[in-house]
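What follows is the residue order along each chain.
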Amino acid sequence: MLERSKLADNALQALHDEDYDVPFNTQSLNHDGLIFMGGRASESLNGDWNFCVDLLDTGLRQKWFSMLPEAPEKRCEPWDYDPYMGETVPVPSNWAMLKDKWYFFEGSAWYTRTLDIEDIDETRRQFLHFGAASYDCKIFLNGEFLGNHYGASTPFCVELTGKLRPGRNWIMACVNNTRTLDRVPMRNTDWFNYGGVYRDVRYFEAPRDLIRDFFLYLVPNGTYSSLRAEIATCGTRSGVARLSIPDLDIDCTIPVEDGKGSIEISARPRLWSPDDPMLYEAVLSFGEDKVADRVGFRQIERRGTEILLNGEPLFLRGISVHEDDADLGKVTTEKDLRRRFEHAGELGCNYLRLAHYPHHERAAELADELGFLLWEEIPVYWAIDFANPATYRDAENQLMELIKRDRNRASVIIWSVGNENPDTDARLEFMRGLAERAVQLDPTRLTSAACLVNHANNCIEDRLAEHIDIIGLNEYYGWYEENFDDLAEIGRNSDPDRPVVISETGADGVIGVKGPQNGLFSEDYMAEIYRRQIATLRELDYVKGMSPWILYDFRVERRQNIFQNGYNHKGLIAADKKTKKKAFHILADYYRKIAADAKSARKAS
């Protein structure tokens, strides 16, 4: 439509106002509005949505969201965009994977679809649930702005109660993936900046008095003899909830006051572990609302440099993973997730590091079922504006959304609050605050971050280390750090008082006709790095795990030499997710030996 349209208020305003985004950047769609989804019936809104890229944010300037459906031949003036007709794209998807011209596009794009409601039940509440949309997602219903969400990888809910009308409704989402200085992550990252609505969108209804949050866990006191349930409700602030765990013969009530309730219950569940991933069905009701979840009970702790699972020493035999696919981009499928865990199993892993952002919620659900431990993290990555309160607000919200989504998952044992950040006062305050928030929300898991090495003194040295449980260490000796002997010296010089996990290590190995036969970027060079890393690290008794970088080759803009061609080739498996490199088998042999030694030690004790 023309800038002089009544919808745009004023031609000069639409053309020249660079504060056009301010009314639509409330960030009101956040962890406070997140609804517990376990066991809820919902309607999928996946499928074809109308779509248009909007590099100049003309849509917000001209208020495209206020346009009403009208046949083109009946319009009195031309429109620059038609939200109701034209090109469509599938949801979930990333626009980069749909057309070559959108491959490197960063900016806004508009999604529109119908929501037809025959009869609106005034006694119930209506919501949308977005699994993830990258990065800033503004939601409109029938022309009304309902709020926006920050964060590329965490879920959010949008309440539609009182705003739906009988018959046809129009949902519009303006999604912007532009990298900015105040976001988490900031501008410079080492994975592809996918944009779009790339996880499921669902519509659901709930009673007026509903269960907003449900946290169920084994009390971490070493007795393995009591469970604790914590719930949050909205609507009626007081009442009685009922919790049922049939396989533990639990059927009890939980008093709710001021929207919150909790209870401790004597119980001795079969403990969850990778060798015995036992899950219990739990059902929680409050008034007319009911939710359910499958929960495993276990205790993870650290004592000195040891990590203990259910009181037994644990070595994390792991691998790092990105959410990336050569064909689908950041879209995750059940098939892809199961293949990921199958390959991790072939490696001999008991643990995966889900880098560098929250992965699809189904990843943790499957890990619960299959018996894998998980490190989950938020993208406080590289350069962050640590002194900016708006940046901290974004990071903390993503952390809280992740924790609220996944804290019933027994597989998740580590919340990580950052990766490879410079040790400044502002960074220390920022990340210490996140670590403290994680413990406040969830006292049953360990905290970590990828910390720093003092290269002048060749030792692990990071002020953040005393505020987290596990020191994550990213080191690439033999690759980015030329002198491999420094790794052994760091090992000798360091004396941490808590466990160290080698959160990243590795080298690029390009296979096929594009790969060199020897030297840097060759498969043989990569294999030799793994041999030397294993030989050095296995001598350090405070190293209690490793998750080399990375399971699969993955797409990234910044890697553009003749061997990389837009990919990071540190994967133990190529981007086809089939072809295993030599280093895969070297690591698998090492993990099999560790597992066998641990089994022998348990038998001996």
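This write-up is about the structure you can find in this document. Treat the numbers as computed from the prediction; the structure is a model and nothing was measured.

1. Side note on unusual backbone geometry
Now for step 1: That bond from alanine 355 to histidine 356 is cis: its omega, -20 degrees, falls within 30 degrees of zero.
Now for step 2: Residue isoleucine 550 follows tryptophan 549 across a cis peptide bond; omega there is 15 degrees.
Now for step 3: When you line up the elements, isoleucine 550 lands in the loop between β32 (543-546) and β33 (554-555).
Now for step 4: Even without glycine at this site, aspartate 57 takes up a positive phi of about 55 degrees.
Now for step 5: Mapped onto the fold, aspartate 57 is located in the loop between β2 (47-54) and α2 (58-62).
Now for step 6: Judged by relative accessible area, aspartate 57 falls into the buried class, the value being 10%.

2. What to know about the sheet that holds strand β24 (residues 351-354)
Now for step 1: Strand order around the closed barrel formed by eight strands is β23-β24-β25-β26-β27-β30-β31-β32, with parallel pairing between neighbours. Each strand axis lies, on average, 30 degrees off the axis of its neighbour in the sheet, ignoring direction.
Now for step 2: Pairing of strand β31 (residues 500-504) with β32, which is carried by two bridges, proceeds in the parallel orientation. Residue pairing in the sheet places isoleucine 502 in a bridge with methionine 546 of β32.

3. Focus on the sheet that holds strand β18 (residues 280-286)
One key point about sheets: their strands pair by backbone hydrogen bonds, in either a parallel or an antiparallel sense.
Now for step 1: Strand order in this open sheet of four strands is β16-β15-β18-β19, and the pairing throughout is antiparallel. Both edges of this open sheet fall to β16 (250-256) and β19 (289-295), since each of them pairs with a single strand only. Strand-to-strand twist across the sheet, computed as the mean angle between neighbouring axes with direction ignored, equals 20 degrees.
Now for step 2: With four bridges connecting them, strand β15 (residues 239-245) and β18 associate as antiparallel partners. Directly across from leucine 243, in β18, lies its bridge partner leucine 284.

Reading the values: the criteria
- Residues numbered from 1 in each chain as written.
- Predicted model: local features only at pLDDT ≥ 70, side-chain atom pairs only at ≥ 80, totals over all residues.
- Heavy atoms only, no water.
- Helix = DSSP H or I, 4+ residues; strand = E, 2+ residues; numbered from the N terminus.
- Buried < 20%, exposed > 50% of the residue type's maximum accessible area, 1.4 Å probe, protein only.
- Pairing = 2+ DSSP bridges.
- Axes fitted to C-alpha atoms, helices over the stretch in contact; angles between N-to-C directions.

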